[in-house]
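# Report on the structure
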Amino acid sequence: AGFVAGLGLALASSAFIGGSFVLKKKGLLRLCGRARAGQGGHAYLREWLWWAGLLCMGVGEAANFAAYAFAPATLVTPLGALSVLVSAVLSSIFLNEQLNVHGKIGCILSILGSTVMVIHAPQEEEISSLESMAEKLKDPGFIAFAVCVLVSSLLLIFVAGPRYGQSNVLVYVLVCSAIGSLSVSCVKGLGIALKELFSGKPVLKEPLGWVLLVCLVICISIQINYLNKALDIFNTSVVTPIYYVLFTTAVMMCSAILFKEWQHMVLDNIIGSVSGFLTIVLGIFLLHAFRDIPFSPSLLPLFLQPSRAAPHPPWSSADRHQACQHQPLLPSEDKGSQSAEEEEEE
């Protein structure tokens, strides 16, 4: 029941977050003759559609936060890609934005990959209290992982950032992804704390809950800062798929180390989970990488273009032979020029 609840919350989160982008965009497009947001104006605050989009965003984030308390992070995080799919489909319907054939194939692949991941999702160890969460955080494997994340993030920020941050998209995206894996662990712990709080336990007296809250605020602040830097320097169609792949990979590694999600899985489920994740990655890549490339029928092979297809193709060998016999080897102009050249030579 908890797994189903977490799955439902993750799907609802993707639907609300994906719809929120469309509502916000619809509200911004209604600002005819008024100062737009890109020009520093705040007239969108008077549009109820923009506020509806903001409300949907809040509901979606709350549902995503609650999903981590019931379902494995390895399942919840990859399903966040469905919000991109929902946004793309709704934008093509309500905003008249073009969704080419690459985008449609990407949407189908994202749905198939999500289905495969749900079927083969790992069952994490049961963690029902902050005491068990504290024991997990003391695990030497997780401590080594956290130290590696912090050291690598500091090197990327203070060493690689000033040198390669303006030319290499991986620098700032790697910082966001590495720190994001720790933020998901904090969200998981806070979700367990909220479940205990609603059950009547004195969670507010536990120092671990407040430590997780402070760490979550710090991690999210770092993520937002360096993600904005990456989006400001590089194209969104480049940053979004790379960030999704690296962030989801880091979260899966962190969850496997902290919650031992892969320890009791059979080989079929491991292959299924990895295959589903790679299928989602391919779908997101097709949806973003070729978003602005127009696809016309002229790009199809000749035999698939209806305007160039023969109305009555000669299928039999006799018809093909007869067609070749009646077809002149050279055009009339070429034949006339060739006969004139022969007369001159004679």
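As recorded in an unreviewed UniProt entry, the protein chain goes by NIPA2 protein and comes from Cisticola juncidis. Recorded under Sequence similarities (unreviewed entry), the UniProt text for the protein chain is reproduced unchanged: "Belongs to the NIPA family." The Subcellular location (unreviewed entry) comment attached to the protein chain in UniProt states, word for word, "Membrane".

Further remarks concern the packing of aromatic side chains. Inspection of every chain in the model, using the stated rule, returns one aromatic pair. Arranged with centres 5.7 Å apart and planes meeting at 40 degrees, the rings of Tyr 172 and Tyr 226 form a pair that is tilted. Here the residue Tyr 172 occupies a position in helix 8 (residues 170-198), and Tyr 226 occupies one in helix 9 (residues 207-233), the gap between them amounting to 54 residues. Taken as a pair, Tyr 172 and Tyr 226 share a single burial class, namely buried.

This part covers the UniProt feature "transmembrane region" (unreviewed entry) in the protein chain. Mapped onto the present numbering, the UniProt feature "transmembrane region" (unreviewed entry) falls on residues 48-68, 75-95, 101-121, 142-163, 169-187, 208-226, 238-258 and 270-290. Within the segment residues 75-95, helix and strand shares are 86% and 0% respectively, and the terminal C-alpha atoms sit 31 Å apart. Secondary structure across residues 238-258 comprises 100% helix and 0% strand; the distance between its end C-alpha atoms is 31 Å.

Here the structure, examined in full by the defined rule, presents one salt bridge. Note that Glu 196 and Lys 201 form a salt bridge whose closest N and O atoms lie 3.8 Å from each other. Residue class for Lys 201 comes out partly exposed when judged on its relative accessible area of 43%.

Turning our eyes to something else, we now look at the environment of Phe 285. Looking at where Phe 285 falls in the secondary structure, it is placed in helix 11 (residues 267-289). For Phe 285, a relative accessible area of 40% gives the class partly exposed. In sequence terms Phe 285 and Gly 103 are 182 residues apart; their C-alpha atoms lie 9.1 Å from each other.

All right, on to a nonpolar patch on the surface then. On the surface, Ile 143, Val 147, Val 151, Leu 154, Leu 155, Phe 158 and Val 159 cluster together to form a nonpolar patch covering roughly 650 Å² of accessible area. Overall, the relative accessible area of 49% leaves Leu 155 in the partly exposed class.

Within helix 6 (residues 130-137), the full set of buried residues consists of Leu 130, Met 133 and Lys 136. Buried positions in helix 6, seen along its axis, are confined to an arc of 110 degrees and lie on one side of it.

On average, residues of the protein chain score 77 in pLDDT, and 78% of them reach the 70 mark or higher. The weakest mean pLDDT in the protein chain belongs to helix 12 (residues 317-326) at 46; the strongest belongs to helix 7 (residues 140-164) at 91. Predicted confidence is poor over residues 314-337, with pLDDT under 50, and the contacts of this stretch with residues over four places away or in other chains come to five contacts.

Take Phe 259: it is sitting in the loop between helix 10 (236-258) and helix 11. On the basis of relative accessible area, Phe 259 is assigned to the buried category, the value being 1%. Put simply, Phe 259 and Phe 142 are 117 residues apart on the chain and 9.4 Å apart in space, counted from C-alpha to C-alpha.

Another aspect to go through is the packing of helix 6 against helix 8. As a packed pair, helix 6 and helix 8 sit with axes 10 Å apart at the nearest point and diverge in direction by 160 degrees. What the angle tells us is that helix 6 and helix 8 run roughly antiparallel. Note on element contacts: helix 8 touches helix 6 through Ser 185, Gly 189, Ile 192, Ala 193 and Glu 196, opposite Leu 130, Glu 131 and Met 133. Per-class residue counts for the contact of helix 6 with helix 8 are four nonpolar, two polar and two charged.

Turning our eyes to something else, we now look at the side chain of Ser 20. Turning to its location among the elements, Ser 20 is positioned in helix 1 (residues 2-29). Beyond its immediate chain neighbours, meaning those up to four positions away, Ser 20 contacts Gly 53, Cys 56 and Met 57.

Calculation criteria
- Residues numbered from 1 in each chain as written.
- Predicted model: local features only at pLDDT ≥ 70, side-chain atom pairs only at ≥ 80, totals over all residues.
- Heavy atoms only, no water.
- UniProt positions renumbered as here; feature names shortened; annotations may be inferred.
- Phe/Tyr/Trp six-rings, centres within 6.5 Å; stacked < 30°, edge-to-face > 60°.
- Helix = DSSP H or I, 4+ residues; strand = E, 2+ residues; numbered from the N terminus.
- Buried < 20%, exposed > 50% of the residue type's maximum accessible area, 1.4 Å probe, protein only.
- Salt bridge = Lys/Arg side-chain N within 4 Å of Asp/Glu carboxyl O.
- Patch = residues over 30% accessible without salt bridge, like charges linked within 9 Å, V, L, I, M, F, W, Y side chains within 5 Å.
- Areas by Shrake-Rupley, 256 points an atom, 1.4 Å probe, with all protein chains shown as cover.
- Arc of directions from axis to C-beta.
- pLDDT = per-residue confidence, 0-100.
- Contact = heavy atoms within 4.5 Å.
- Axes fitted to C-alpha atoms, helices over the stretch in contact; angles between N-to-C directions.
- Parallel < 35°, antiparallel > 145°, perpendicular 65-115°, else oblique.
- Nonpolar A, V, L, I, M, F, W, Y, C, P; charged D, E, K, R; others polar.

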